[in-house]
Amino acid sequence: YGNLAVVDPETLEVEKMLTLRKDKKAYSFHGIAYDRLHNQYILTSAGDRYDFWDADFNYLKSVSVTRYESDTLQGIETDGSYIYRGLWRNFEKNTIAVYDYNGNFLRLIDVPISGDETEFQDIMYDWNGNWYINTADYDAEKNLAGCSFYYVGMQDAVNYEHVEQFQAMLEDFLLKGTE
């Protein structure tokens, strides 16, 4: 319903509740990321749009994405250059969708954790080059549920265009080497 709890990081006590409004209506959202480089928040309420808010939660702008996500939408994160969206495909796989700040879809990153018993929940960046994800874990045989926390080997502020160029050059080199 547009409510955001501000929590003390030491005690985890709720310090205050904010009600976010966009176009004078309560803004309901399910993903939030803080961009330390631009001192702004990125929130999402759908699979086709990201909304930017200033540090005081005043609405700034929206960007529509060039690709609609049909998988289960999970948490979002940013490194100040890109938006990373966790996705879970029902009991199949976990992926991360990467968008630029204009909403352009850049790529999917496969998370090498089975989606069969593990559901990707959130992605986190500590602004020191370290990425983490947490998952909800299920054991249908034992009727158990829990969670896991993983360190993820992703680079910060990756230029995906350069990565794709390098991959194309490497493939070309390897193919020529087999002739």
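The sections below set out a description of the structure shown in this document.

Reading guide: rules and limits
Residues numbered from 1 in each chain as written. Predicted model: local features only at pLDDT ≥ 70, side-chain atom pairs only at ≥ 80, totals over all residues. Heavy atoms only, no water. Pairing = 2+ DSSP bridges. Helix = DSSP H or I, 4+ residues; strand = E, 2+ residues; numbered from the N terminus. Axes fitted to C-alpha atoms, helices over the stretch in contact; angles between N-to-C directions. Patch = residues over 30% accessible without salt bridge, like charges linked within 9 Å, V, L, I, M, F, W, Y side chains within 5 Å. Areas by Shrake-Rupley, 256 points an atom, 1.4 Å probe, with all protein chains shown as cover. Salt bridge = Lys/Arg side-chain N within 4 Å of Asp/Glu carboxyl O. Buried < 20%, exposed > 50% of the residue type's maximum accessible area, 1.4 Å probe, protein only. Phe/Tyr/Trp six-rings, centres within 6.5 Å; stacked < 30°, edge-to-face > 60°. Lys NZ or Arg CZ within 6 Å of the ring centre and 35° of its normal.

Moving on: the sheet that holds strand β10 (residues 82-89). Ordered by their spatial adjacency, four strands build an open sheet running β9-β10-β11-β12, and the pairing between neighbours is antiparallel. A strand with exactly one partner marks an edge of an open sheet, and here the two such strands are β9 (72-78) and β12 (105-111). In this sheet, neighbouring strand axes are inclined to one another by 25° on average, regardless of whether the strands run parallel or antiparallel. In this sheet, β10 lies alongside β9 in antiparallel orientation, the contact comprising five bridges. Within β10, the residue paired with threonine 72 across the bridge is tryptophan 88.

The next subject is the sheet that holds strand β7 (residues 49-54). Two modes of strand pairing occur in sheets, parallel and antiparallel, and in both the strands are linked by backbone hydrogen bonds. What the four strands build is an open sheet, ordered β5-β6-β7-β8; its pairing is antiparallel. Strand pairing shows two members of the sheet lacking a second neighbour, β5 (31-35) and β8 (59-64), which therefore form its edges. In this sheet, adjacent strand axes meet at a mean angle of 20° when their direction is disregarded. Across five bridges, β5 lies against strand β6 (residues 40-44) in antiparallel orientation.

A cluster of nonpolar residues, Val7, Leu12, Val14 and Met17, forms a patch on the protein surface that exposes about 400 Å² of accessible area. Among the secondary structure elements, valine 14 is positioned in strand β2 (residues 14-19). Overall, the relative accessible area of 51% leaves valine 14 in the exposed class.

The next thing to look at is the packing of aromatic side chains. Remark: the centre distance and the inter-plane angle together describe each pair of aromatic rings, the angle taken between the planes. This model, assessed by the stated rule, comprises eleven aromatic pairs. Here a set of aromatic residues connected by ring pairs shows up, and it is made of Tyr27, Phe29, Trp53 and Tyr59. In this structure, lysine 61 is placed above the aromatic ring of phenylalanine 52, and the distance from its NZ or CZ to the ring centre is 4.9 Å.

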